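Listed below are the residues making up each chain.
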Amino acid sequence: MPRSSMVDLKPSHRPIISYRPIRPSDLDVLEQIHGDVFPIRYESEFFQNVVNGRDIVSWGAVDRNRPHGQSDEIIGFVTARLVLASESEIGDILQCDSSRSGQTLVYILTLGVVETYRNLGIASTLIREVLKYASSIPTCRAVYLHVISYNNPAIHFYKKMLFKCVRRLHDFYFINGQHYDSYLFVYYVNGGRSPCSPLELAAVVVTCMRNGIKAVAARLWKHDDKSPKWSKCKESWGLIRTTQTKRVLTPEDSGCECV
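Basis of the calculations
- Residues numbered from 1 in each chain as written.
- Predicted model: local features only at pLDDT ≥ 70, side-chain atom pairs only at ≥ 80, totals over all residues.
- Heavy atoms only, no water.
- Buried < 20%, exposed > 50% of the residue type's maximum accessible area, 1.4 Å probe, protein only.
- Helix = DSSP H or I, 4+ residues; strand = E, 2+ residues; numbered from the N terminus.
- Arc of directions from axis to C-beta.
- Contact = heavy atoms within 4.5 Å.
- Pairing = 2+ DSSP bridges.
- Axes fitted to C-alpha atoms, helices over the stretch in contact; angles between N-to-C directions.
- Core = buried A, V, L, I, M, F, W, Y, C linked by side-chain atoms within 4.5 Å.
- Right-handed = clockwise from strand over helix to strand, strands pointing away.
- pLDDT = per-residue confidence, 0-100.

Trainee: What is the right way to read helix 4 (residues 152-160) from this model?
Mentor: Along an α-helix, residues three or four apart share an orientation, since each turn contains 3.6 residues. Every buried residue of helix 4 is accounted for by A154, I155, F157 and Y158. One side of helix 4 holds all its buried residues, which, seen down the axis, span an arc of 160 degrees. With respect to the buried face of helix 4, the exposed residues turned more than 90 degrees away are N152 and K160. In this structure, the buried residues of helix 4 make contact with strand 4 (104-113), helix 3 (122-135), strand 5 (140-148) and strand 7 (178-188). Looking one or two residues beyond helix 4, the residue adopting positive phi is L162, at roughly 70 degrees.

Trainee: Help me understand the side chain of S124, please; the structure alone is not making it clear to me.
Mentor: If you trace the backbone, S124 turns up in helix 3. For S124, a relative accessible area of 11% puts it in the buried group. If we skip the residues at most four places from it in the chain, S124 touches F157 and M161.

Trainee: Can you help me understand the sheet that holds strand 2 (residues 57-63) in this one?
Mentor: Sheet strands pair via backbone hydrogen bonds, and the direction of the pair is either parallel or antiparallel. Pairing is mixed across the open sheet formed by seven strands, whose spatial order is 1-2-3-4-5-7-6. Either end of the sheet is taken by a strand with one partner, and the two such strands are strand 1 (17-20) and strand 6 (164-175). The average angle at which neighbouring strand axes cross in this sheet is 25 degrees, direction not considered. Sheet topology places strand 2 next to strand 3 (residues 74-84); six bridges connect them, and they run antiparallel. The residue of strand 3 that forms the bridge with S58 is T79. Across the sheet, helix 1 (residues 27-37) lies against strand 3 and strand 4, angled at about 90 degrees from strand 3, the strand it touches most.

Trainee: Hey, could you run me through the nonpolar core in this one?
Mentor: Where a protein is soluble and globular, its nonpolar side chains tend to be buried together. Counting 31 residues, the largest nonpolar core has I108, L111, I127, V143, Y158, F163 and F185 as the members making the most contacts within it. Those elements that place two or more of their residues in this core are strand 2, strand 3, strand 4, helix 3, strand 5, helix 4 and strand 7. Per element, the largest residue contribution to this core is seven residues, and it comes from helix 3. With 27 residues, the next largest nonpolar core counts I22, L27, F46 and A85 among its residues.

Trainee: Is there a simple way to think about helix 2 (residues 44-51) in this case?
Mentor: Those residues of helix 2 lying buried are F46, F47, N49, V50 and V51. Contact partners of the buried residues in helix 2: helix 1, strand 2, strand 3 and strand 4. Two residues or fewer after helix 2 comes G53, characterised by a positive phi angle close to 65 degrees.

Trainee: I'm lost on the pairing of strand 5 in this one. Help?
Mentor: Residues in a regular strand project their side chains so that they alternate between the two faces of the sheet. By the criterion of burial, strand 5 is predominantly enclosed, with nine of the nine residues buried. Judged from the three bridges that link them, strand 4 and strand 5 form a sheet pairing that is parallel. The partner of V106 across the bridge, within strand 5, is V143. Tracing the backbone out of strand 4, into helix 3 and back to the parallel element strand 5 gives a crossover that is right-handed.

Trainee: Is there a simple way to think about the confidence of the model for the protein in this case?
Mentor: Predicted coordinates in regions of low pLDDT should not be interpreted in detail. Of all residues in the protein, 69% have pLDDT values of 70 or greater, and the mean over the chain is 79. Here residues 3-8 is modelled with pLDDT under 50, and outside its nearest four sequence neighbours on either side it reaches 21 contacts, counting other chains as well.

Trainee: Could you clarify how one ought to interpret unusual backbone geometry in this entry?
Mentor: Trans peptide bonds make up the majority, and among non-glycine residues the majority have a negative phi. Here D171, not a glycine, exhibits a phi torsion of approximately 55 degrees, which is positive. Relative to the elements of secondary structure, D171 occurs in strand 6. Of note in the backbone geometry, N190 takes a positive phi value of approximately 50 degrees without being a glycine. Summarising the element assignment, N190 is placed in the loop between strand 7 and helix 5 (198-226). For N190, a relative accessible area of 33% translates into the label partly exposed.

Structure (structure tokens):
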């Protein structure tokens, strides 16, 4: 359940941020930051899988200018997992070629930044690392994640990062005895995209019908051009005027883009 914050706090020194893979030595700090950032508790197995790279990829942010020997201690992180598109919960909203097996997705598990280091672009950089990773996998079609419905800063953050909110999942989270909805966000890569909605499909049908009518009309005009010429100048002038004011249909007039 990725999360972001808009708290306006800054470290007491000038940070020098760099990024590296998360290592086993980060285990204690990783658990501590997760406990500070998220309203739910993760099992110790999750953290072991992260620091040892067991089916989870991760990136950590460190402040090389941090004092007191903490220059290699992570102050931000993102964790993600590669999953098969056919086994994911967004398979029904992802337009995939059914004849091609093995298409994959990247699911973002957690994203967090220490409070005093927020609003420095660290979360954005971590997400871009995930997008770059996903784009480097030829079979990958999208990156997706969940955001709890009341986390407005995170919702704004992912929209700013050009993720698309494609679905609301009711009672997705159960925290402290209470259910909460979740928003599902998707970022398409390597040509992946959602299938057209019913409204978009209807627009395509209307556009095709309109183009068909235009094509028939164009052929009729062409046929009229081959007919005997009118003998009266006034009538000939009327035909010329009609031809000159006829609208030409361009691709921009009838395009339909599915997102």
